[in-house]
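Each chain, letter by letter, is given below.
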There are 2 protein chains.
Amino acid sequence: MFENKIKITAPFWQQYINLIREEMLPFQWSVLNDEADIKIEKERDADHIPAEKSHAIENFKIAAGISKGKHYGMVFQDSDVYKWLEAVAYALHQHQDNALQKIADEVIDLLAKAQQSDGYLNTYFTIEAPERRYKRLYQSHELYCAGHFIEAAVGYYSVTKNQKILDIACKLADHIDDIFGSEDGKIHGYDGHEEIELALLRLFELTKNDKYKNLANFFLYERGKNPNFFKEQQKTDPSTKPVIEGMESFKPEYYQNHKSILEQETAEGHAVRVMYMCTGMAMLARLNNDEKMFEACKRLWKNIVTKRMYITGGIGSTVIGEAFTADYDLPNDTMYCETCASIGLIFFANNMLKLDVDSQYADIMEKALYNTVIDGMALDGKHFFYVNPLEVVPQLSHKDPGKSHVKTVRPAWFGCACCPPNLARLLSSLDEYMYTVKDDVIYSNLYVSNKSDFKINNQVISIEEITDYPWDGKITFKVNSEATFKLGLRIPSWANRYLFKLNGKEFTPKIEKGYAIIDRTWEKGDIVIFDIQIEANFVCANPLVREDYGKVAIQRGPIIYCAEGVDNGDNLHLITIDTNKKINEYKDSDSLGDIVKLELEAEKLILDKQWNNILYRNIMEKQENVEIIKLKLIPYFCAFNRGENEMAIWLKTK
Amino acid sequence: MFENKIKITAPFWQQYINLIREEMLPFQWSVLNDEADIKIEKERDADHIPAEKSHAIENFKIAAGISKGKHYGMVFQDSDVYKWLEAVAYALHQHQDNALQKIADEVIDLLAKAQQSDGYLNTYFTIEAPERRYKRLYQSHELYCAGHFIEAAVGYYSVTKNQKILDIACKLADHIDDIFGSEDGKIHGYDGHEEIELALLRLFELTKNDKYKNLANFFLYERGKNPNFFKEQQKTDPSTKPVIEGMESFKPEYYQNHKSILEQETAEGHAVRVMYMCTGMAMLARLNNDEKMFEACKRLWKNIVTKRMYITGGIGSTVIGEAFTADYDLPNDTMYCETCASIGLIFFANNMLKLDVDSQYADIMEKALYNTVIDGMALDGKHFFYVNPLEVVPQLSHKDPGKSHVKTVRPAWFGCACCPPNLARLLSSLDEYMYTVKDDVIYSNLYVSNKSDFKINNQVISIEEITDYPWDGKITFKVNSEATFKLGLRIPSWANRYLFKLNGKEFTPKIEKGYAIIDRTWEKGDIVIFDIQIEANFVCANPLVREDYGKVAIQRGPIIYCAEGVDNGDNLHLITIDTNKKINEYKDSDSLGDIVKLELEAEKLILDKQWNNILYRNIMEKQENVEIIKLKLIPYFCAFNRGENEMAIWLKTK
């Protein structure tokens, strides 16, 4: 990690990064310690979701023998702490903060005490059921939690050089390697929730210890060899009690073990699981030069982004199993679009870029980041979405139990609190996603003002990027070093008109896989301008997406826009857009921040009084009455910040 | 029952009635005895639904001490037998069948043996948990089952004068009266599933014993007085094990005990429960001249039919709790629209008619009957829908777990088998719904060819009705008696053009509450013709129904039409209708029977190859290509008889 020194200077992202360090991480710490005065919500109506408190730190204290009591929370509650710790690492990398680091160091001391002598680390099984260790893998999340700890360790060690956390991680990974593997006497299996694979590969990249790469390789290739593995493995569990309720009926697809991963043609099952699996696959393909695995990655990638992804970069079409469903099945009002799933999609995309620098991966990374991911938190940094809906009608969220997961305002925390700390760790490490450096090419994936030093051919190259992206498309790169290297600038898929200038003179660069490649012996002070004309456009979906047929969405640059009831009144479905109308853009600065808003003339049906107390009638000769309205649109990620109201991305068109 | 002798002669309905007697009832008997070679399906994906066999008769044998074994099936499995028995009664009324009656008599002997000495009758609690009797009323269905038995007894006694079944029923009802009531020492409560109320009122109507009416009155007025009743009552249960899984999280609304029934403004919760409650309420309002109860009935009726009912007469917008959701929330692809719920709506409507002869009730009765109810069975009489969808895309039923209840073909039987025998008992007793006779008026609610004798002022009046309804709107009444009485002919709400003739001469009758009233001293041979011009029309929904906005349905007479994939290809959502086009009608006779089919010119989008592997793109200047198709429409109730395919009622319009 942090091979290049990237210092983000963009106000848009600085604001998020500061919010995370100053507000979100202290807030999350208070939640993990049950000190925050908040209402924890269930992510959907279900009896079995524990939502009274987090108890995550207390669980560790009990496991460490410091406190007495019982475990509380989801069986994977530990991972909330690990993701928080990883986010702290990246926040410290952005900005040193001794007080925060002290808290984190103390957490690490606590984790060391909670770790068992053989390396095992998991509060639920240590406190409640040591005899059930690794005996109900499809529900236990033991390796999932281990993976999140290992990721935290890799991150925290990389930033702070804290040896203790790395030692715990290696001891834990070695322990897992003792238990799992193809050798006789080891469990020939894997976790119900992928995560350990990518974590072991990160540990391998840090330590260069082949054992960890080989174990990840084992987990990935073992998956799906025997679709009945979990059912059979469950028989070793001395208890018949589930460790998570409501999962008994899930089929192998839910866990991606319905077939070997090289044979999986479509993304099936729990969306976050798929993303973490794919991330591990892409890492392994790169680290092992595994061509077959690379092909498998491309197949799943293509299926997702060309058939199973929302325009916001959201994935997961159903709340039942938080899962993929079928090609082109993308309902806007019952979808899942979990924040974690889009974060996982960014992990996958970023690792595909490392394998194969193709702008399609960065395009999707950008789409998910600017829409679903940052929609996952309120502008105050203290309220979060688990599910990021494309259409909300508040009374239906309240009265239709099939929409109980579609929250109308962001809760402060969740019974299953995977998303908020995941957001924190992604946004705090955004610098790791902005560039892909390969051989002598610096590829710019995301356009974010920054001052950076890259290492190419043992030379340090300083580049400054200045832009008001995503609101404005003018991107200026100032090269502050004399050197020979290539600069690769991603041409966003939505960009229709753009030009390149080198030191004031327009030129036409060579395009390779969606990147403009500027190959040059640079002089200090060289200035490249990539000027994209960002304008609002009407976007339509593939007609096979039945929920979007006859509708349009409005996109400006990477940002998807939406209409809210607070601006446009209720019953947004009665609005009809004429795509011949001009979309007006204006900069605004209000409670939603400094953003570009859109406005266009549209029609809205006036409800005829004759419809009172009538549900159905023959169509009438005369046209229904419509009023002309000024439709106001705001960036989707800003929605739900002004109280409960209707929201829609897709609007009816003529 | 059977106060008037009504002999249905209409081929349309004769076919159903014969099918029920000749095919459906013997088939159901073989299923109840676990002798049918069929695949029983779960009505939706859920682990806890027992679907290996029916076992219903065997349960009675075990409870009677004739067989050994354990109870199998839902806790309310007994009611399948009772509804079958009631259907047999009505089939015998239509057509004497000694063999069938012998089977039924033997079932009654078995039930007598299964009844406990104190009158209690329920196989689950008798076999498995006598100590839990009446201790978990929100799940136990004990009074629900008792109600269905009492209904069967009323029906069977009315037809056959079998005293034994009536004695069992009275003993059971007396036993319930010993246990429940406002007196000290009795349970001040009610069943989680309404049914006993209407059953006791039917028993009162037969026996004239006030005790039964008073007990029904108690149950209805007690309901909702204390919304925590079920929670509190559950504490008396010596076991904490549910008797039905998956119901723990349901709120009082599910059981209609969230408030007193006089205060319920909207239809909430499980749709069948609401309908059975409303039926009991309407009966009580009539039998007790209870004005407040009548007002409550009208309120709930209005809420349902003006805000919460599908165009097919289906009700229940969500599978979760098989329940109502919110006003105007009528999704077409995830709805419930249970067959039993529409049957219940007909019970409610029929009893409202007895209170207040207003054509709005008969209109809805007709709508539910010709669409959702008869859609509930295949044309072979041996396959059934539990859920009657308005839109089906087979791959989504298979791949979206939120649509696991939306079957693409009718199964032979269900784990929860409430619907098939309910259909049998309704259709076999259709004669009870065709007319409402009040004072000296014979109101015709449903137009069905028949020869009938009515009793008015102690005089028998013979009338013959001849019509090819619903395909043709000419309805001829031949009065074959000399008498003074009024004939009330419902003017269907969908009828735009019609005329009346008396003995060949056109006339304009007085209209009262939607009925044309022909008041006359009739002569033998008088002929009244009510000639409605039945034509296909485009129907639209209230614009607040967001799922139907911008769409039309096609209705002809009472029949709602639909498009199927087998006639029109896949992707029905790509079809656009121009409502200025003429709808062609033609009689056809094929595997779907003798029906009127419709055809009209429509446009269907041709999928551009440029959409291959693209999900979203900017809208294009050029229009998308469309082809002109001959859209073929069939009656909705005929759908799903030609294999699995797409189906849609609501189609996009320009």
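Residues numbered from 1 in each chain as written. Chains lettered and ligands numbered in written order. Predicted model: local features only at pLDDT ≥ 70, side-chain atom pairs only at ≥ 80, totals over all residues. Heavy atoms only, no water.

- Chain A goes by Glycoside hydrolase family 127 protein in an unreviewed UniProt entry, where it is assigned to Megamonas funiformis YIT 11815.

## Some points on the packing of aromatic side chains
Link 1 in the chain: Counting across every chain of the model gives 92 aromatic pairs over all chains.
Link 2 in the chain: Ring centres of Phe12 of chain B and Tyr370 of chain B lie 5.8 Å apart, and the angle between their planes is 45°; on these two criteria the pair is classed as tilted. Taken together, the residues span a long stretch of sequence, with Phe12 of chain B in helix α1 (residues 11-32) and Tyr370 of chain B in helix α15 (residues 359-375) at a distance of 358 residues.
Link 3 in the chain: Over the ring of Tyr120 of chain A we find Arg133 of chain A, and its NZ or CZ is 3.8 Å from the ring centre. (Phe/Tyr/Trp six-rings, centres within 6.5 Å; stacked < 30°, edge-to-face > 60°. Helix = DSSP H or I, 4+ residues; strand = E, 2+ residues; numbered from the N terminus. Lys NZ or Arg CZ within 6 Å of the ring centre and 35° of its normal.)

## Looking at a negative patch on the surface
Link 1 in the chain: Residues Asp45 and Asp47 of chain A together with Glu245 and Glu248 of chain B make up a contiguous surface patch of negative charge.
Link 2 in the chain: For Asp47 of chain A, the location among the structural elements is in the loop between β2 (40-41) and α2 (56-63). (Patch = residues over 30% accessible without salt bridge, like charges linked within 9 Å, V, L, I, M, F, W, Y side chains within 5 Å. Areas by Shrake-Rupley, 256 points an atom, 1.4 Å probe, with all protein chains shown as cover. Salt bridge = Lys/Arg side-chain N within 4 Å of Asp/Glu carboxyl O. Lys, Arg positive; Asp, Glu negative; His and termini not counted. Charge placed at Lys NZ, Arg CZ, Asp CG, Glu CD.)

## What to know about the sheet that holds strand β10 (residues 483-490) of chain A
All names here are of chain A.
Link 1 in the chain: Across the sheet, which stays open at both edges, the five strands sit in the order β5-β6-β10-β14-β13 with mixed pairing between neighbours. The strands lining the two open edges of the sheet, one partner per strand, are β5 (435-438) and β13 (510-512). Going from strand to strand, the sheet's axes swing by 30° on average, the running direction of each strand aside.
Link 2 in the chain: Sheet topology note: the β5/strand β6 (residues 441-444) ladder contains four bridges and is antiparallel. Bridge pairing in β6 links Lys438 to Val441.
Link 3 in the chain: Relative to the sheet, helix α15 (residues 359-375) contacts β10 and β14 (515-522), its axis offset from that of β10 by approximately 60°. (Pairing = 2+ DSSP bridges. Axes fitted to C-alpha atoms, helices over the stretch in contact; angles between N-to-C directions. Contact = heavy atoms within 4.5 Å.)

## Comments concerning the packing of helix α1 (residues 11-32) of chain A against α15 of chain A
Residues and elements named next belong to chain A.
Link 1 in the chain: Across the interface, α1 lies against α15 with an axial gap of 14 Å and an inter-helix angle of 30°. In terms of their interaxial angle, α1 and α15 are classed as roughly parallel. When you trace α1 past α15, the crossing you get is left-handed. Residue-level inspection shows Phe12, Trp13 and Tyr16 of α1 in contact with α15, the latter providing Leu369, Tyr370 and Ile374.
Link 2 in the chain: Partitioned by chemical class, the residues of the contact of α1 with α15 number six nonpolar, no polar and no charged. (Parallel < 35°, antiparallel > 145°, perpendicular 65-115°, else oblique. Left-handed = near helix turned anticlockwise from the far one by under 90°. Nonpolar A, V, L, I, M, F, W, Y, C, P; charged D, E, K, R; others polar.)

## Thoughts on the sheet that holds strand β11 (residues 498-502) of chain A
Residue and element names in this part refer to chain A.
Link 1 in the chain: Spatially, seven strands are ordered β1-β7-β8-β9-β15-β11-β12 in an open sheet, and the strand pairing comes out antiparallel. Looking at strand neighbours, the two that pair on one side only are β1 (5-8) and β12 (505-507), the edges of this open sheet. Between one strand axis and the next, the sheet turns by 25° as a mean value, whatever way the strands run.
Link 2 in the chain: When strand β9 (residues 474-479) meets strand β15 (residues 526-532), the two strands line up antiparallel, connected through six bridges. Within β15, the position partnered with Thr476 by the bridge is Ile529.

## Side note on the interface of chain A and chain B
Link 1 in the chain: Counting residues at the interface gives 62 residues for chain A and 62 residues for chain B.
Link 2 in the chain: At the junction of chain A and chain B, the tally comes to four salt bridges.
Link 3 in the chain: The residue Lys399 of chain B makes a salt bridge to Glu268 of chain A at a minimum N-O spacing of 2.8 Å.
Link 4 in the chain: In this assembly, chain A and chain B are joined by 24 residue pairs in polar contact (both at pLDDT 80 or more).
Link 5 in the chain: Residue assignment for the side of chain A that touches chain B shows that the elements contributing at least two residues are α13 (291-307), α16 (394-399), β16 (536-541) and β22 (616-618) of chain A.
Link 6 in the chain: Its residues assigned to classes, the side of chain A that touches chain B comprises 30 nonpolar, 14 polar and 18 charged.
Link 7 in the chain: Where β16 of chain A lies against strand β22 (residues 616-618) of chain B, three bridges are found, and the strand directions are antiparallel. Bridge assignment links Ala541 of chain A to a residue of β22 of chain B, and that residue is Tyr616 of chain B. (Polar contact = N/O pair within 3.5 Å; in protein donor to acceptor, adjacent residues only side chain to side chain.)

## Some points on the relation of the copies chain A and chain B
Link 1 in the chain: At an RMSD of 0.0 Å, chain A and chain B line up after a rotation of 180° and a shift of 0.0 Å along the axis. One copy is carried onto the other by what is essentially a two-fold rotation axis.
Link 2 in the chain: A high fraction, 100%, of the interface residues of chain A reappear at the interface in chain B, so the copies pair face to face through one surface. (Least-squares fit on C-alpha atoms with pLDDT ≥ 70 in both.)

## Comments concerning empty space enclosed by the protein
Link 1 in the chain: In this structure the tally under the stated criterion is four cavities of 30 Å³ or more.
Link 2 in the chain: The space that makes up the largest cavity amounts to roughly 80 Å³.
Link 3 in the chain: In this structure, the largest cavity is lined by Trp494, Asn496, Gln533, Ile534, Glu535, Asn537, Gln555 and Gly557 of chain A together with Asn618 of chain B.
Link 4 in the chain: Looking at the lining of the largest cavity residue by residue, the class counts come to two nonpolar, six polar and one charged. (1 Å grid on protein atoms, 1.4 Å probe; cavity = no way out; pocket = protein on both sides within 12 Å on 5 of 7 lines; lining within 4 Å. Points joined across faces, edges and corners; volume = space filled by probe spheres on them.)

## Examining helix α3 (residues 78-94) of chain B
Link 1 in the chain: Its 17 residues give α3 of chain B an end-to-end C-alpha distance of 25 Å, which sits within 8% of 24 Å, the value for a rise of 1.5 Å per residue.
Link 2 in the chain: By the criterion of burial, α3 of chain B is predominantly enclosed, with 16 of the 17 residues buried. (Expected span 1.5 Å × (residues − 1). Buried < 20%, exposed > 50% of the residue type's maximum accessible area, 1.4 Å probe, protein only.)

## Thoughts on the pattern of salt bridges
Link 1 in the chain: Summed over the entire model, instances satisfying the criterion amount to 84 salt bridges over all chains.
Link 2 in the chain: Here Glu646 of chain A and Arg546 of chain B are joined by a salt bridge, their closest N and O atoms 3.5 Å apart. You can see Glu646 of chain A sitting in the loop between β23 (626-635) and β24 (647-648) and its partner Arg546 of chain B sitting in the loop between β16 (536-541) and β17 (551-556), one on each of two chains.
Link 3 in the chain: Through salt bridges with shared partners, one network takes in Glu86, Glu151, Arg202 and Arg425 of chain A.

## Quick notes on the layout of surface pockets
Residues and elements named next belong to chain A.
Link 1 in the chain: Its boundaries defined by the atoms lining it, the second largest pocket holds a volume of some 1100 Å³.
Link 2 in the chain: Lining the second largest pocket are 35 residues, and of these Met1, Glu3, Glu205, Lys354 and Glu432 lie nearest its centre.
Link 3 in the chain: Taken together, the residues of the lining of the second largest pocket break down into 14 nonpolar, seven polar and 14 charged.

## Re the UniProt feature "domain: Non-reducing end beta-L-arabinofuranosidase-like GH127 middle" (unreviewed entry) in chain A
Link 1 in the chain: Mapped onto this numbering, the UniProt entry annotates "domain: Non-reducing end beta-L-arabinofuranosidase-like GH127 middle" (unreviewed entry) at residues 442-533 of chain A.
Link 2 in the chain: Helix makes up 0% of residues 442-533 of chain A and strand 64%, with an end-to-end C-alpha separation of 23 Å. (UniProt positions renumbered as here; feature names shortened; annotations may be inferred.)

## Thoughts on the domain arrangement of chain A
Residue and element names in this part refer to chain A.
Link 1 in the chain: Structurally, chain A comprises domain 1 (8-434), domain 2 (439-532) and domain 3 (536-653).
Link 2 in the chain: With both chains or domains summed, domain 1 and domain 3 bury close to 2400 Å², and 59% of this area falls on carbon and sulfur atoms.
Link 3 in the chain: Taken together, domain 1 and domain 3 are joined by 13 residue pairs in polar contact (both at pLDDT 80 or more).
Link 4 in the chain: Looking at the side of domain 1 that touches domain 3, the elements with two or more residues in it are α1, α15, β3 (391-392) and α16.
Link 5 in the chain: Looking at the side of domain 1 that touches domain 3 element by element, the count peaks at seven residues for α15.
Link 6 in the chain: Per-class residue counts for the side of domain 1 that touches domain 3 are 17 nonpolar, seven polar and six charged. (Domains from an automatic or database assignment. Buried area = accessible area lost by both parts, 1.4 Å probe.)

## Brief notes about the environment of Phe180 of chain A
Residues and elements named next belong to chain A.
Link 1 in the chain: When you line up the elements, Phe180 lands in the loop between α8 (163-179) and α9 (196-207).
Link 2 in the chain: Residue classification places Phe180 among the buried positions, given a relative accessible area of 0%.
Link 3 in the chain: Look past the residues within four positions of Phe180 in its chain and what remains in contact with it is Tyr134, Leu137, Leu143, Lys186, Ile187, Gly189, Tyr190, Leu215, Phe218 and Phe219.

## Looking at the pairing of strand β18 (residues 559-564) of chain A
All names here are of chain A.
Link 1 in the chain: Counting buried positions along β18 yields six of six residues, so the element is predominantly enclosed.
Link 2 in the chain: Here β18 shows no split at all, with Ile559, Tyr561 and Ala563 on one side and Ile560, Cys562 and Glu564 on the other all buried.
Link 3 in the chain: Bridge count between strand β17 (residues 551-556) and β18: two bridges; the pairing is antiparallel. Following the sheet pairing, Gln555 is matched in β18 by Ile560.
Link 4 in the chain: What sits between the antiparallel neighbours β17 and β18 is a turn of two residues, in which Gly557 has the positive phi angle 60°.
Link 5 in the chain: Where β18 meets β24, two bridges bridge the pair, whose relative direction is antiparallel. The residue bridging Glu564 from the neighbouring strand is Met647, located in β24.

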